[in-house]
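# Examination of the molecular architecture
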Amino acid sequence: MSKIIGIDLGTTNSVVAVMDLGVPSVIPDAEGRRLTPSVVGLADPDAPLVGVAAQRQAAVHATDTVASVKRFMGRRGDEIEGEAMARTYTVIGKGDAAVKVVAGGRTWAPEEVAAKVLEKLKADAERYLEEPVSRAVITVPAYFNDAQRAATKRAGELAGFTVERIINEPTAACLAYGMDRMKQGVVAVYDLGGGTFDISIVEIRGNVFKVLSTTGNTRLGGDDFDRSVMDWLLMKAPDIDVSADLEAQTRLKEAAEAAKCALSTQEAFEVAIPFLSGGKSLNAVLTRATFESLIASRVDETRAACLQALHDASLEPEAIEAVILVGGSTRIPLVRRVVAQVFGKEPDTSVNPDEAVALGAGVQAGILAGGVSDTLLLDVTPLSLGIETFGGLMNVIIPRNTTIPTKAGELFTTAVDGQKAVNIHVLQGEREMAGDNWTLGRFSLEGIEAQPAGIPRIGVQFTIDADGILHVLARDTATGKEKVVRMKAAVDISDADVEHMVQQAVAHARADVQKRQLVEAQLSADEMLRATAKALERYGDRLEATERQRIDRAWKAVKEAIDGDDLNGLKEAKQALDEATQRLADIMFAEAVKDRAAAKPHE
Amino acid sequence: MKEIKVKCLSCGSLEGGDFCGTCHTVLPIEQDVDYFRLFGLEPRPAVDREALKATFLDLSQKLHPDHNVQADPETRVRVLGVSAQLNRGYTTLVDTKERLRYLVGKAHDEEPAEANRVPHEIMELFFEVHDLMQEVDAHLKARKPAASRIAAAVAETDVDKVRFLDAIAGLKARTRERFAAVEDEVAKLDAAWDATREGTGEREKLVGRLAELADVLAYLGRLKTSLAQKELALST
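These numbers were taken from a predicted model, which means no experiment stands behind them. (Residues numbered from 1 in each chain as written. Chains lettered and ligands numbered in written order. Predicted model: local features only at pLDDT ≥ 70, side-chain atom pairs only at ≥ 80, totals over all residues. Heavy atoms only, no water.)

Here we take up the overall build of chain B. When helices and strands are tallied, chain B shows eight helices and two strands. Counting the 236 residues in chain B, one finds 44% classified as buried. Residue pairs in contact within chain B that sit at least 24 positions apart in sequence constitute 65% of those at least 6 positions apart. Counting only carbon and sulfur atoms, one obtains 52% of the accessible surface of chain B, whose full area is about 12200 Å². (Helix = DSSP H or I, 4+ residues; strand = E, 2+ residues; numbered from the N terminus. Buried < 20%, exposed > 50% of the residue type's maximum accessible area, 1.4 Å probe, protein only. Contact = heavy atoms within 4.5 Å. Areas by Shrake-Rupley, 256 points an atom, 1.4 Å probe, with all protein chains shown as cover.)

With 57 residues of chain A at the interface, the matching set in chain B holds 45 residues. Along the contact surface separating chain A from chain B lie three salt bridges. We note a salt bridge from A:Arg205 to B:Glu50, for which the minimum N-O separation is 3.0 Å. Inspection of the region where chain A meets chain B yields 10 residue pairs in polar contact (both at pLDDT 80 or more). Counting residues per element, the ones that place at least two in the side of chain A that touches chain B are strand E14 (197-205), strand E15 (208-217), helix H7 (288-312), helix H9 (356-369), strand E19 (376-378), strand E24 (406-412), helix H11 (513-539) and helix H14 (582-599) of chain A. The element contributing the most residues to the side of chain A that touches chain B is H14(A), with 10 residues. (Salt bridge = Lys/Arg side-chain N within 4 Å of Asp/Glu carboxyl O. Polar contact = N/O pair within 3.5 Å; in protein donor to acceptor, adjacent residues only side chain to side chain.)

We now examine the state of the cysteines. With the rule as written, the count across this model stands at zero disulfides over all chains. Of the cysteine sulfurs around A:Cys306, a residue in no disulfide, the closest is that of A:Cys174, at 15 Å. (Disulfide = S-S within 2.5 Å.)

Residues and elements named next belong to chain A. Overall, antiparallel pairing links the three strands, which are arranged E6-E5-E7 in an open sheet. Looking along the sheet, the strands with just one partner apiece sit at the ends: strand E6 (49-50) and strand E7 (65-67). Here strand E5 (residues 39-41) runs beside E6; their pairing, made up of two bridges, is antiparallel. Residue pairing for E6: valine 40 is matched across the bridge by valine 50. (Pairing = 2+ DSSP bridges.)

A separate point is the nonpolar core. Judged by nonpolar contacts, the single largest core of 51 residues is most densely connected at B:Phe39 and B:Leu210. Counting residues per element, the ones that place at least two in this core are E19 of chain A together with helix H1 (35-38), helix H2 (49-63), helix H3 (73-94), helix H4 (96-108), helix H5 (123-142), helix H7 (159-193) and helix H8 (201-235) of chain B. No other element matches H8(B), which puts 13 residues into this core. Residues within four places of B:Phe39 in sequence aside, it is in contact with B:Leu52, B:Thr55, B:Phe56, B:Leu59, B:Leu86, B:Gly89, B:Tyr90 and B:Leu93. (Core = buried A, V, L, I, M, F, W, Y, C linked by side-chain atoms within 4.5 Å.)

Residues and elements named next belong to chain A. When you line up the elements, glutamine 57 lands in the loop between helix H1 (52-56) and E7. A polar contact is formed between the side chain of glutamine 57 and the side chain of threonine 65, at a distance of 3.1 Å. Every residue in contact with glutamine 57, bar those within four places of it in the chain, is listed here: Gly41, Ala43, Leu49 and Thr65.

The next subject is the confidence of the model for chain A. All names here are of chain A. Mean pLDDT over chain A works out to 87, with 92% of the residues at or above the 70 mark. Looking across chain A, the model is least confident in helix H10 (residues 495-508), with a mean pLDDT of 41, and most confident in strand E1 (residues 4-9), with 97. Note on residues 488-512: pLDDT under 50 across the span, and 21 contacts to partners over four residues away in sequence or across chains. (pLDDT = per-residue confidence, 0-100.)

What follows covers unusual backbone geometry. All names here are of chain A. In this model, isoleucine 404 is joined to proline 405 through a cis peptide bond whose omega is 0 degrees. Of note, glutamate 130 is a non-glycine position whose phi angle comes to about 55 degrees, a positive value. Note that glutamate 130 resides in the loop between helix H2 (110-129) and strand E11 (135-140).

All names here are of chain A. With 14 residues, H9 should reach 20 Å at 1.5 Å per residue; the first-to-last C-alpha distance of 20 Å fits that figure. Along H9, 13 of the 14 residues are buried, which leaves the element largely enclosed by surrounding structure. Among the residues trailing H9, glycine 370 stands out with phi positive, at a value near 95 degrees. (Expected span 1.5 Å × (residues − 1).)

Here we come to the sheet that holds strand E9 (residues 100-103) of chain A. All names here are of chain A. Taken in spatial order, the three strands make up an open sheet running E8-E9-E10, and their pairing is antiparallel. Bordering the open sheet on either side are strand E8 (90-92) and strand E10 (106-108), each of which pairs with just one other strand. Pairwise comparison of adjacent strand axes, ignoring direction, gives a mean angle of 35 degrees for this sheet. H2 rests against E9 and E10 of the sheet, and its axis sits at about 80 degrees to E10. (Axes fitted to C-alpha atoms, helices over the stretch in contact; angles between N-to-C directions.)

Let us now look at the packing of aromatic side chains. All names here are of chain B. Following the criterion strictly, the structure yields eight aromatic pairs over all chains and no others. Taking the centre distance of 5.5 Å and the plane angle of 80 degrees together, the rings of phenylalanine 126 and phenylalanine 127 count as edge-to-face. Owing to a relative accessible area of 19%, phenylalanine 126 belongs among the buried residues under this scheme. Between the aromatic rings of phenylalanine 126 and tyrosine 219, the centroid separation amounts to 6.1 Å while the plane-to-plane angle is 75 degrees, which identifies the pairing as edge-to-face. With a gap of 93 residues between them, phenylalanine 126 in helix H5 and tyrosine 219 in helix H8 connect regions that are remote in the sequence. For tyrosine 219, a relative accessible area of 7% puts it in the buried group. These aromatic residues form a ring-pair network of at least three members: Tyr35, Phe36 and Tyr102. Sitting above the plane of the phenylalanine 164 ring, arginine 163 keeps its charged end 4.8 Å from the centroid. It is arginine 203 that lies over the ring of tryptophan 193; its NZ or CZ is 3.8 Å from the centre. (Phe/Tyr/Trp six-rings, centres within 6.5 Å; stacked < 30°, edge-to-face > 60°. Lys NZ or Arg CZ within 6 Å of the ring centre and 35° of its normal.)

This part covers the pairing of strand E3 (residues 23-26) of chain A. Because side chains alternate across E3(A), one face comprises the buried residues A:Pro24 and A:Val26, and the other comprises A:Val23 and A:Ser25, none of which is buried. In textbook terms, the turn of a hairpin is the stretch between consecutive antiparallel strands, and for strand E2 (residues 13-20) of chain A and E3(A) this stretch comprises two residues, one of which, A:Leu21, has a positive phi near 50 degrees.

Below you can see the structure in the form of structure tokens.
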């Protein structure tokens, strides 16, 4: 039988690994590169370019070069509204319809584009191993829902793989970490990549890895930080307009990314983009402090997720023996500080954040191939699963963080006399109302014997297999009539619908964004002025005189800019005030932590 | 470990344990298998959690689908079912509330109803938490999301917020004390378990008290969750 390879299909980069003599190792491409950028050039749909080759022509073929397609895998139109990701290609899909990508004169399902990346990795592995490879373990963010998992599996199949297993990225990373570092204990895996964030709490006991809880955000990562830097750069160059210049947008994104990466080791970075657009060049110096203020609120979002994961595992932060950092964005010093603060200890940076997930996938591939028979992974389902019942409520059948595989069932009944069919609406999510959760599918069980309401007994059984994919069985216990359903990925749409949606997408792009932005900036500026005044009143005496003066100056500048209609001027003034108040905010956060520690009862 | 005798589907011989000793296939577990027996335990109020976990991990090593990928399709289907039972069984027995409900269900031959009345013994705690939650909700409702770090810092040091977090920490500690008290009582009842015989009034009285304790745990669990949720909502 052929070898099984492990693939980390990342938002920004993908990596492939294989078990070799009991140790997982990364497979390099023909040029010796260990990371393949998850970028696909579709200018010629019949000869797609993948990785570095696609990146090289990205500026020239901006609309036909697809990066970060993972963000759209298994998603529906209404989920991507307000998606602030920086991208130069068009995506379409409204309401319930599956999102599609437009490139190279046609539309693509996101999994088709991802399949191109997987095909390249497959070819690299075959060249390296000198044998055909047709079996793979592919990783997904732990917080991916059922549709996103199914889309990933489909991408693997389109690339010619038998997908032996879909596994969770943080769990895979933990497997790679624990193999030689830990024999017993509880670890937290903090995984912040290009587009997604996961936090998992895992108990390691000998060779068994048992996930205790997991949570995350499938729309938070390095891409968002790039976007923030891009906005800042444009604010610094108000005379440059790139809104209609896709090549300039691509170059701007590259510069933003370079600045972000450099600031992990440097205190300041000089951005210089000659002749960016309309013959004008962009020059600006971004300091680490400014960069951190740009991304602080997004990084803070991960704090809440960490606390949630700890609560779900019934653990206090002290119980965590090591915090493992995975994903390129964990190189950012601010991210490391936030992690250290939440868990009360310095994170463990001994694994390579770019490769750990692929290596773990390689280990799991080895387990499935039978070569690593004593290692076992017990994973959980990240989101609750259930069905809609009376009053539009979600009835949970399998709660989140249940160890998989699992089976669970419940009995339901009819609501109306003589009812002959029941509609079963399968849901995934944590909200109380059915409508607020993700719809995995709807089906109806017919041929129920006509009886008064409340008499028929309909058993609904959910099975989650080891891939984390759901199978549903409904059975009328009186007649024995049953229906087995495997939840499918988001619905397909017809070509005519696609055409219609392309036109609509173009029409909507002309909305007066500018005006809305000004109003939003004015509101938040007003809030900042009040907050700063309050902060100075309480903690102003802790500041040096020069700091105090700087804040006062910046405060006045915002106050003056707030009633005008110069959006850029207002943004600059706000940014200056934000930077000036960083240390004051730090003082207050530290004070709050101290208060809380004092309030905590000692046990 | 207590033996479970089942007929092997593959070769028909009667076997104990999880594997057929004759042909080495995974044996099926019946749908409503007794979770205590699954882990080789006597049904009783308390379990040794560490020993239970060790047994669970040991059985999982043998019976997880990942370690049976090369098996024939029929065995694989069986493995999925057995593995799901193991996972459910472990989750049920390791958690005191779930374990007590399961034990009571076995004694009464039907699953006990979900707790829907606040047990008298934690009424006072319940109302204190309830009142605080309402205050916190009002506070959260009036609060706007901070758009800048300085605004977040001001919110962080808000007097009400600090007071609420203190109150929550206090109630969390009291909830933990109640949890510990229930565990202590379960341990005492477990010691008395062997002195009573099935079908006697004494045993029935004991089971009745276990049912009450399961309800107390259910409510304590809810209190713990709402305290944690409000704490999280306040902190972020």
